[in-house]
There are 2 protein chains.
Amino acid sequence: MNEVQPSQPAAPTLDRATALARIREAVGPAGWLDAPEDVAPHLADQRGLFTGACAAVVRPASTEAVAAVVGACAAAGIGIVPQGGNTGLVGGSVPFPGFDGILLSLIRMNTVRAIDPLNNTITVDAGCILADIQAAAAEADRLFPLSLGAEGSCRIGGNLSTNAGGVNVLRYGNARELVLGLEVVLPDGRVWDGLRGLRKDNTGYALKHLFVGAEGTLGVITGAVLKLFPRPRDVQTAFAAIRDPAAATELLARLREGTGDSVTGYEILPRVGIDITLQHVPDIVDPLDGRYDQYLLIELSGPDAAGGLRPALETVLEKALEDGLVLDATIAESTAQARALWKLREELPFAQTHEGGSIKHDVAVPVSRVPDFLREATAAVEAALPGVRVFAFGHVGDGNIHFNLSEPKQGWTTQAFLGEWERMNRVVHDIVVSMGGSISAEHGIGRIKKAELVHYRSPVELDLMRTLKAALDPQGIMNPGMVL
Amino acid sequence: MNEVQPSQPAAPTLDRATALARIREAVGPAGWLDAPEDVAPHLADQRGLFTGACAAVVRPASTEAVAAVVGACAAAGIGIVPQGGNTGLVGGSVPFPGFDGILLSLIRMNTVRAIDPLNNTITVDAGCILADIQAAAAEADRLFPLSLGAEGSCRIGGNLSTNAGGVNVLRYGNARELVLGLEVVLPDGRVWDGLRGLRKDNTGYALKHLFVGAEGTLGVITGAVLKLFPRPRDVQTAFAAIRDPAAATELLARLREGTGDSVTGYEILPRVGIDITLQHVPDIVDPLDGRYDQYLLIELSGPDAAGGLRPALETVLEKALEDGLVLDATIAESTAQARALWKLREELPFAQTHEGGSIKHDVAVPVSRVPDFLREATAAVEAALPGVRVFAFGHVGDGNIHFNLSEPKQGWTTQAFLGEWERMNRVVHDIVVSMGGSISAEHGIGRIKKAELVHYRSPVELDLMRTLKAALDPQGIMNPGMVL
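Counting starts from 1 at the beginning of each chain's written sequence and moves along it residue by residue. As a convention, the first chain written is A and the first ligand written is 1, with the rest following in written order. Predicted model: local features are reported for residues with pLDDT of at least 70 only, side-chain atom pairs are reported and counted for 80 or more only, and whole-chain, interface and lining totals are derived from all residues. To get the side-chain values, all heavy atoms of the structure are used, and hydrogens and water are removed first.

Q: Hey, could you go over the relation of the copies chain A and chain B for me, with residue numbers and the actual values?
A: For this overlay, a least-squares fit was computed on C-alpha atoms, restricted to residues scoring pLDDT of at least 70 in both copies. Between the two copies, chain A and chain B, the superposition gives an RMSD of 0.0 Å; the rotation angle is 180° and the shift along the axis is 0.0 Å. The two molecules are tied by a two-fold rotation axis, judged by turn and shift. Contacts: residue pairs with any heavy atoms within 4.5 Å of one another. A shared binding surface is used by both copies, with 100% of the interface residues of chain A retained as interface residues in chain B.

Q: Requested: an account of the packing of aromatic side chains, with residues and values cited.
A: The description of two aromatic rings rests on the distance between their centres and on the angle between their planes. All names here are of chain A. Here a pair means two rings of Phe, Tyr or Trp (six-membered ring of Trp) with centres within 6.5 Å. Their orientation is stacked below 30 degrees between planes, edge-to-face above 60, and tilted elsewhere. Taken as a whole and assessed by the stated rule, the structure comprises twelve aromatic pairs over all chains. On the numbers, 6.4 Å between centres and 85° between planes, the contact of W412 with F417 is edge-to-face. Every member of this aromatic cluster is reached through a ring pair, and the members are F239, Y292 and Y295. The rule is short: NZ of Lys or CZ of Arg within 6 Å of the ring centre and within 35 degrees of the ring normal puts a charge over the ring. It is R447 that lies over the ring of F96; its NZ or CZ is 4.2 Å from the centre.

Q: Explain the side chain of B:R271 to me, using residue names and the numbers behind them.
A: Residues and elements named next belong to chain B. Turning to its location among the elements, R271 is positioned in helix α9 (residues 271–280). What makes R271 buried here is its relative accessible area of 7%. Side-chain polar atoms of R271 contact the side chain of D286, separated by 3.0 Å. For R271, the contacting residues outside a window of four places in its chain are L278, D286, G290, R291, Y292, D293 and Y295. Helix numbering and strand numbering both begin at the N terminus, where a helix is a DSSP run of H or I of at least 4 residues and a strand a DSSP run of E of at least 2. Note on classification: 1.4 Å probe, protein chains only; a residue is buried when its accessible area is under 20% of the maximum for its type, exposed when over 50%, partly exposed between these limits. Polar contacts, as counted here, are pairs of nitrogen or oxygen atoms within 3.5 Å of one another; within protein the pair requires one atom able to donate a hydrogen and one able to accept it, and residues that are adjacent in sequence qualify only if both atoms are side-chain atoms.

Q: Hey, could you go over the interface of chain A and chain B for me, with residue numbers and the actual values?
A: Residue-level contacts link 87 residues of chain A with 87 residues of chain B. Across the chain A to chain B interface the summed buried area is about 7500 Å²; carbon plus sulfur atoms make up 56%. Counted as salt bridges are all cases of a side-chain nitrogen of Lys or Arg within 4 Å of a carboxyl oxygen of Asp or Glu. Put simply, chain A and chain B have 16 salt bridges between them. Of the charged contacts in the structure, one is a salt bridge between B:R457 and A:D201, with a shortest N-O distance of 3.7 Å. At the boundary of chain A with chain B, the tally comes to 38 residue pairs in polar contact (both at pLDDT 80 or more). Contributing elements (two or more residues each) for the side of chain A that touches chain B: α6 (169–172), β9 (191–194), α7 (207–211), β11 (229–230), α8 (245–258) and α16 (459–472) of chain A. Gly counts as polar in this scheme, as do all residues outside two lists: the nonpolar Ala, Val, Leu, Ile, Met, Phe, Trp, Tyr, Cys and Pro, and the charged Asp, Glu, Lys and Arg. Class assignment for the residues of the side of chain A that touches chain B results in 35 nonpolar, 28 polar and 24 charged. For any pair of parts, buried area is found by adding up, for both, the accessible area (1.4 Å probe) each one loses once the two are put together.

Q: Summarise helix α12 (residues 370–384) of chain A; cite the residues concerned and give the values.
A: Its 15 residues place the ends of α12(A) 21 Å apart at the C-alpha level, agreeing with the 21 Å of an ideal helix rising 1.5 Å per residue. For α12(A), the elements touching its buried residues are α8, β17 (362–364), β18 (389–393), β19 (400–406) and α14 (421–434) of chain A. Take the number of residues in a helix, subtract one, and multiply by 1.5 Å to get its expected span.

Q: Could you give an account of the sheet that holds strand β15 (residues 326–331) of chain B, with specific residues and numbers?
A: Residue and element names in this part refer to chain B. Pairing is antiparallel across the open sheet formed by four strands, whose spatial order is β13-β14-β12-β15. What marks the edges here is a single partner per strand, and that holds for β13 (263–270) and β15. For this sheet, the mean angle separating the axes of adjacent strands, direction not counted, is 20°. In this sheet, strand β14 (residues 294–302) lies alongside strand β12 (residues 234–242) in antiparallel orientation, the contact comprising nine bridges. Note on β14: the bridge partner recorded for F239 is L297. Axis lines are fitted to C-alpha atoms, over the contacting stretch for helices. Their N-to-C directions set the angle, which ranges from 0 to 180 degrees. Against the sheet, α9 makes contact with β12, β13 and β14, and its axis sits at roughly 80° relative to β13, the strand it touches most. Whether two strands pair comes down to DSSP finding at least two bridges between them.

Q: I'd like to hear about the side chain of A:Q352, residue by residue, with values.
A: Residues and elements named next belong to chain A. Within the secondary structure, Q352 is located in helix α11 (residues 335–352). Q352 gets classed as buried once you look at its relative accessible area, which sits at 0%. Residues within four places of Q352 in sequence aside, it is in contact with I276, S358, K360, F391, N404, L405 and S406.

Q: Outline the sheet that holds strand β14 (residues 294–302) of chain A, supporting the account with residue identities and numerical values.
A: Adjacent strands of a sheet pair through backbone hydrogen bonds, lying either parallel or antiparallel. All names here are of chain A. Taken together, four strands build an open sheet; the order of strands is β13-β14-β12-β15 and the sheet is antiparallel. Taken across any chain shown, the strands that pair with only one partner, and hence form the sheet edges, are β13 (263–270) and β15 (326–331). Strand after strand, the sheet turns through a mean of 20° between neighbouring axes, direction not considered. Where helix α9 (residues 271–280) meets the sheet, it contacts β12 (234–242), β13 and β14, and its direction lies at approximately 85° from that of β13.

Q: Outline the pattern of salt bridges, listing residues and values.
A: This structure, assessed with the given rule, holds 69 salt bridges over all chains. Residue A:D141 is joined to A:R233 by a salt bridge in which the shortest nitrogen-to-oxygen separation is 3.1 Å. With A:D141 in the loop between α4 (130–139) and β7 (142–143) and A:R233 in the loop between β11 and β12, this pair connects stretches of sequence that are 92 residues apart. Classification of A:D141 by relative accessible area gives partly exposed; the value is 29%. On the accessibility criterion, A:R233 (38% relative accessible area) is partly exposed. Between B:E355 and B:R389 there is a salt bridge whose closest N-O contact spans 2.5 Å. With B:E355 in the loop between α11 (335–352) and β16 (358–359) and B:R389 in strand β18 (residues 389–393), this pair connects stretches of sequence that are 34 residues apart. A cluster of three or more residues bridged by salt bridges with shared partners is formed by A:E257, B:D141, B:R142, B:R231 and B:R233.

Q: So what's going on with α4(A)? Which residues, and what values?
A: Residues and elements named next belong to chain A. For α4, the full list of buried residues reads L130, I133, Q134, A136 and A137. Down the axis of α4, the buried set is contained in an arc of 165°. They therefore lie on one face. Its buried side turned inward, α4 meets β5 (112–116), β6 (121–125), β7, α5 (156–161) and β10 (220–227). The first or second residue beyond α4 is D141, which carries a positive phi of 60°. Note that the arc is computed from the directions linking the helix axis to the C-beta atoms.

Q: Go over the environment of A:V285 with me, naming the residues and quoting the values.
A: Residues and elements named next belong to chain A. Residue position: V285 is located in the loop between α9 and β14. For V285, a relative accessible area of 61% corresponds to the exposed category. Sequence separation of V285 and V235 is 50 residues, and the distance between their C-alpha atoms is 21 Å. If near-sequence neighbours (up to four positions away) are discounted, V285 is found in contact with L278 and L344.

Q: Can you explain the packing of α9(A) against α11(A)? Please cite residues and give values.
A: All names here are of chain A. At a minimum axis separation of 8 Å, α9 and α11 run at an interaxial angle of 80°. What the angle tells us is that α9 and α11 run roughly perpendicular. Along the contact surface, α9 presents G273, I274, I276, T277 and H280, while α11 presents L344, E347, L348, A351 and Q352. The residue makeup of the contact of α9 with α11, split by class, is five nonpolar, four polar and one charged. Angle categories: roughly parallel below 35 degrees, roughly antiparallel above 145, roughly perpendicular from 65 to 115, and oblique for all the rest.

Pasting the structure below:
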């Protein structure tokens, strides 16, 4: 490893036309799309930031078919862009312009293969929609806790390939923590069957963790064994105005201690975010009477139907009111009230789209550094771009802040403001990295953060990643140009 | 990756004598042991099953010194066996006979570098003793939950390198799940600083998971950022006679639902195990009056001091008594009573040493298959070796059973019985693997399970592991001969 010298990729053993014909045969007529109108939806991301090209969209319906497709591509040196629900935010599931390989869509592989309530596992195809997996778990009286905005259309293979986060990470972990076993088609077309549903297994290297979060650059995830949990029967949702961001971290520690470590959601929202949401989104209610700088949306949940969380929550909040950490608070009295509180949080990013151009940062710092980060980063961007409006919100319980900047109210065009993106990146990410933080907490690298990754990561770490890529995909055919 | 062709290791650039002199200088007099009496304790495992050799025992006191040692070894092609507390059970931390490289002991790197209660993290040197880390966490009013028999002498670098399990896995996960960041000296002597204390960080491949569980074959872990949790303030311990092993999995699901998912310990013990423990170990009390085939040791714990776990536990146990899952039960009324129940469990393996030769299997199956496994494996070994006595106990909540066989009471010498180890392995492991299980749930592979790994793992999986080993350690100097 002293020098990264990928073994010279073997010259293709198959000509391109023959390979494409084999692929077409392997997936059948329903699995091959090459008419422009059929292909187009796969070649643009949902936000319309990226468009690309490909020779064909290929939609295999089985692991064997995926293996045949990848094997033919490997033999001919044809590039492969894997795609699930195509809901990613970093351009990782859309090919580059001029790409002449195949787009490998997993959407026809959408079967729940097995469910084992006593083992608390569910085995699924990679193309299953996240919400369908949640529903299958619920039918078996279990919880699959991965939950995020795109859950109605994102697919689990993409969730795993990007190590998706979402609103339940605090209690249940990221997608990585929710997977026990994987089935992967390797870059040479062989199938690795690692579909084990075990809580303990110390037999060699942790191969599954290589593929989770690799954004399709090391192989194609085709199936997974996922962890299930008892269903929550007691859910409490509260909304609290807090003294300042430091109060958020202090209150989190108290809540974890005082409620049996039952905090499943913990989101920070600034007053300015509530104001624009009230302004732009219908049917939003301001939960508290007064006006305060910072608020928390708090969710506790547990499987015990005896109802112990409500009094525990009240006790912690009352003490925090006495101590001045909390300035005012309300607890939802119904599921409808709880939904209304969550809606305020969920609509905030949408409301921001009405405020002109937005420069977004998905960052994380140690939970203890969140107050410092918010103070320093806000001051730094305001100094660097006078008039910029900071909307910082998100998963403060994990140290993950969506630090979004809206254009000044006067004196800027949207285009000119968005032209400041890279300069603002540097201002914000320098502070993040100085605190030992992450420049991509949950969205991944894809194409849009590649340059930032190279800028901030040590040469040793980049070299390690390149060594792994070269070892597993020496031809560089898997999701070419992404991540590294 | 079509064929595993590790890049040809470069010819050593440094002669051996110069390299050893550099190492000696890098670690200083206190870090270099070559007198036979000083070296000997490092060259045998604690059970006395393995002894080996080395050119010297090297004990660096800093990451920089480890890097200098490994760099010199890499330049001269000298092998390295990393060692922590040397408490492993698979011979992975002791060199082979005839080994002429160095034994790299981490025991002088034993500083707690930092603790951050609000971020719930502790940063430690790899040579810290596990119990010292638990104590440092407790001083900061936090819990570091990794707990196992050897905790008074094992060291965290070894715990991470073997992905240690223990008694709290059910609630807190294996060692792998408890590590947020790592510092690793790579096989070429460079330092990878991945000491990040983040809950969310999606910036490239999950490098830390490569080194956790790799048993020192991919690099030397020198430091780690570990997760902390709220301290349990409410701990309930119960002992229950159960109808059969199937009742154990059913009761576990009920307990997780009925107690806010607070089950932290869940161990199964057979009557025969209690009998030999009563017979051979002083001060052991039989917790229940009657005699039953199978028992459970149950521990619930949570951070809430309000005392809600006791009534929740009673409710679940009463219903299980009514339903016939539980035949009798007792709940500890004091810490002393709880300690006595745990002592019965902890002394069982010791009691077994008085029953002649023991053939051990550390296996896991899906939790739902534990009853089938116990029935089928017991019948199979009794048929294969009439008179053999099965002592199957352990972490049934994780599907992890220590399936230990004692020699028949008559007709066998210990030596002859132990000669059946490989044949018994095949009988037990065939059943484990047929159920999608693991032949090493928590102890690892080391040297004693290498042949079993090769026997049961698919060629694809073995090839993937070898590809990683060749990519990261092309000279094969890291813990040579272990795992693969």
